[in-house]
Amino acid sequence: TGYNNEKKLLSEHVLAHGYVKTKEKMIFLHNNFSLQYHLENIHQNILNKILKHSLLYLNVGLIPALCIGDRTLFTHADWDFFLKYGISHLVAISGLHVTLISKITEQFIRTIWKTSTLLPKKLPIPFVSKFSSLFITWSYCFLSGSNISTIRACLMLSIYHLTRLMGAYLPP
């Protein structure tokens, strides 16, 4: 259970994966220094930790789906339930989840920055909170698989935060 690298490789039309072993040295065909490799490794580690702590719950697949966008643990019965009640869109990471992460992060950083005596007060609170929020939001986007709706939401949030930092007034 969990992240299925074989399924991912098949979706990219990779039929074989391995290395050539000679007497002198081993040559790996997989590039361990790519950004994609590291993101997948982080994603898998997070998934393993979630599964380690969520095996006690009835619907194990719901927590990884909401946290990191991994819906591989859902059964057909789960999908039937979501479709029957019209809530299947809630388990797909989209603009709603990205905006929630952004706003929670921004408020958390703002509160920490205001109350701390150790953090430098030379940087304005809106600057620190908005850029921290964007960093966390984009990190979440990449960790959750970078689907088009999360990228679009991150781009819109980036534009919004940058225009707010430049002092633009955006009416509701």
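**Q** Explanation requested: the overall build of the chain in the structure shown.
**A** Across its full length, the chain carries 7 helices and 2 strands. Element order for the chain, N to C, with α for helix and β for strand: α-β-β-α-α-α-α-α-α. A buried classification covers 27% of the 172 residues belonging to the chain. Summarising the internal contacts of the chain: among those between residues at least 6 apart in sequence, 50% fall at separations of at least 24.

**Q** What should I look at first to understand the state of the cysteines in this one?
**A** Should the sulfur atoms of two cysteines be covalently bonded, the bond is a disulfide. Under the criterion given, the structure shown has 0 disulfides. With no disulfide of its own, C141 lies closest to C154 among cysteine sulfurs, the gap being 4.1 Å.

**Q** Explain a nonpolar patch on the surface to me, please; I cannot follow it from the model alone.
**A** A cluster of nonpolar side chains, namely L90, L96, L100 and I104, defines an oily patch on the protein surface of about 380 Å² accessible area. Relative to the elements of secondary structure, I104 occurs in helix α5 (residues 95–115).

**Q** Would you explain the side chain of S149 in this entry?
**A** When you line up the elements, S149 lands in helix α7 (residues 148–165). S149 gets classed as buried once you look at its relative accessible area, which sits at 17%. Contacts of S149, omitting those with residues within four sequence positions, involve I93, S94 and G95.

**Q** How do you make sense of helix α6 (residues 125–143) when you look at a structure like this?
**A** For an α-helix, 3.6 residues make a turn, and residues three or four places apart therefore share a direction. Relative to the 27 Å expected for 19 residues at 1.5 Å per residue, α6 spans 27 Å between its end C-alpha atoms, a close match to the ideal helical length. Of the residues making up α6, those classed as buried are V128, S129, K130, S133, L134, T137, Y140, C141 and L143. Against the buried residues of α6 lie α2 (35–54), α3 (62–68), α5 and α7. Taken from the residues just after α6, G145 is the one with a positive phi, measuring 105°.

**Q** Please explain the side chain of H43 as it appears in this structure.
**A** Checked against the element boundaries, H43 lands in helix α2. Engagement of the side chain of H43 in a polar contact is seen with the backbone oxygen of I68, the distance being 3.5 Å.

Rules and cut-offs
- All residue numbers refer to position in the chain's written sequence, counted from 1.
- Local features in this predicted model are restricted to residues whose pLDDT is 70 or higher, and side-chain atom pairs enter the listing and the counts only when it is 80 or higher, whereas totals over whole chains, interfaces and linings include all residues.
- Computation of side-chain values: all heavy atoms of the structure, hydrogens and water removed.
- Each helix is a run of DSSP H or I of at least 4 residues and each strand a run of E of at least 2, with the numbering of both proceeding from the N terminus.
- In this scheme, a residue with accessible area under 20% of its type's maximum is buried, one over 50% is exposed, and one in between is partly exposed, where area comes from a 1.4 Å probe on protein chains only.
- The contact rule is simple, with two residues in contact once any of their heavy atoms fall within 4.5 Å.
- Any two cysteine sulfur atoms lying within 2.5 Å of each other are counted as a disulfide.
- Like-charged residues within 9 Å of one another, or nonpolar side chains (Val, Leu, Ile, Met, Phe, Trp, Tyr) within 5 Å, are grouped into patches, provided each residue has over 30% relative accessible area and no salt bridge.
- Here the accessible surface of atoms and residues is derived via Shrake-Rupley with a 1.4 Å probe, and residues count as covered only by protein chains that are part of the display.
- The term salt bridge refers to a pairing of a side-chain nitrogen on Lys or Arg with a carboxyl oxygen on Asp or Glu at a separation within 4 Å.
- Multiplying one less than the number of residues by 1.5 Å gives the expected span of a helix.
- Pairs of N or O atoms are called polar contacts if they sit within 3.5 Å, as long as, within protein, a hydrogen donor faces a hydrogen acceptor (for residues adjacent in sequence, only side-chain-to-side-chain pairs).

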